[in-house]
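Reading the structure
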Amino acid sequence: MIDILRKLLAPEPARLPEPDSRLALAALLVRIARTDGLYAAEEVERIDRTLAQYHGLGPFEAARLRTEAEEMERQAPDTVRFTRALKAAVALEDRADLMAALWSVALADGLRDAEEDRLMRMVASLLGLTDVESAQARQRAERRDARE
C-alpha cells in the first residue's frame, strides 16, 4: 500500500525538451550511427563534418553540438521528436539533401546493417520522402563519399 502511495505522489519525470532543428539533426545523426551497435570513429568524424557543413560551424562548435546531441539521443525514447523538428525547419525540396547527409553517416563505417536500413526507411517516411527519394539520396552520398 505504501509503495502505491509513493508512486502516486512521486513527481512526474521531467519531459525532454523538444530539440531545435540543429540539435535534432545532430541527435538523429548520432542515433543513426549508434543503430548498428557500433559508434565508430569514422561515424563521429562524419557527424562533426556534416554538422559543420550543414550549419556553418567550426570544428569545435560542431563537436560541442554532437556531444550535446549524444546525451539527448541517449534520453530520447523515439525518433519522431527529431524528424518533427527537422520537418518543421526544412522545406520539402531540401529534405533529400538532408537524407543524403543521414545516409553519409549510416555508411561511414563501411557496413550496411539491417537495423540501420530499417531506421533509414522510417526516417525517410517521417520526413515525407519516398523510398525512391531515399535511395537516390543514398546514391548521392555514396558518390560524394567516394570522392572525399
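Look up a bit, the structure's there.
Thresholds applied
Residues numbered from 1 in each chain as written. Predicted model: local features only at pLDDT ≥ 70, side-chain atom pairs only at ≥ 80, totals over all residues. Heavy atoms only, no water. Helix = DSSP H or I, 4+ residues; strand = E, 2+ residues; numbered from the N terminus. Buried < 20%, exposed > 50% of the residue type's maximum accessible area, 1.4 Å probe, protein only. Contact = heavy atoms within 4.5 Å. Core = buried A, V, L, I, M, F, W, Y, C linked by side-chain atoms within 4.5 Å. Expected span 1.5 Å × (residues − 1). Phe/Tyr/Trp six-rings, centres within 6.5 Å; stacked < 30°, edge-to-face > 60°. Lys NZ or Arg CZ within 6 Å of the ring centre and 35° of its normal. Axes fitted to C-alpha atoms, helices over the stretch in contact; angles between N-to-C directions. Parallel < 35°, antiparallel > 145°, perpendicular 65-115°, else oblique. Left-handed = near helix turned anticlockwise from the far one by under 90°. Nonpolar A, V, L, I, M, F, W, Y, C, P; charged D, E, K, R; others polar.

Topic: the overall build of the protein chain
From N to C terminus, the protein chain includes eight helices and zero strands. Counting from the amino terminus, the protein chain carries its helices and strands in the arrangement α-α-α-α-α-α-α-α. In the protein chain, which comprises 148 residues, the share counted as buried stands at 44%. Restricting the contact set of the protein chain to residue pairs at least 6 apart, pairs at least 24 apart contribute 78%.

Observations regarding the nonpolar core
Counting 39 residues, the largest nonpolar core has Leu51, Met99, Leu102, Trp103 and Leu127 as the members making the most contacts within it. Residues within four places of Leu102 in sequence aside, it is in contact with Leu25, Leu28, Leu29, Ile32, Met120, Val123 and Leu127.

Observations regarding helix H2 (residues 21-34)
Given a rise of 1.5 Å per residue, 14 residues ought to cover 20 Å, and the 20 Å separating the end C-alpha atoms of H2 matches this to within 8%. Here H2 lies mainly inside the structure; eleven of its 14 residues are buried. The set of residues buried in H2 consists of Leu23, Ala24, Leu25, Ala26, Ala27, Leu28, Leu29, Val30, Arg31, Ile32 and Ala33. On its buried face, H2 is in contact with helix H3 (41-55), helix H4 (59-75), helix H5 (80-89), helix H6 (95-107) and helix H7 (114-126).

Observations concerning the packing of aromatic side chains
According to the stated counting rule, one finds zero aromatic pairs in the structure shown. The ring of Tyr39 is capped by Arg34, whose NZ or CZ atom sits 5.0 Å from the centre of that ring. Directly above the ring of Trp103 sits Arg138, whose terminal nitrogen or CZ lies 5.9 Å from the centroid.

Overview of the side chain of Asp48
Structurally, Asp48 is set in helix H3. Aside from chain neighbours lying at most four places away, what touches Asp48 is Ala62, Ala63 and Arg66.

Let's talk about the packing of H6 against helix H8 (residues 131-147)
Look at H6 against H8: their axes get within 8 Å of each other, and the N-to-C directions meet at 60°. When the axis of H6 is compared with that of H8, the two are oblique. Along this stretch, H6 crosses H8, giving a crossing that reads as right-handed. Facing Ala96, Asp97, Met99, Ala100, Ala101, Trp103, Ser104 and Leu107 of H6, the residues of H8 in contact are Ser134, Ala137, Arg138, Arg140, Ala141, Glu142, Arg144 and Asp145. Grouping the amino acids of the contact of H6 with H8 by side-chain chemistry returns eight nonpolar, two polar and six charged.

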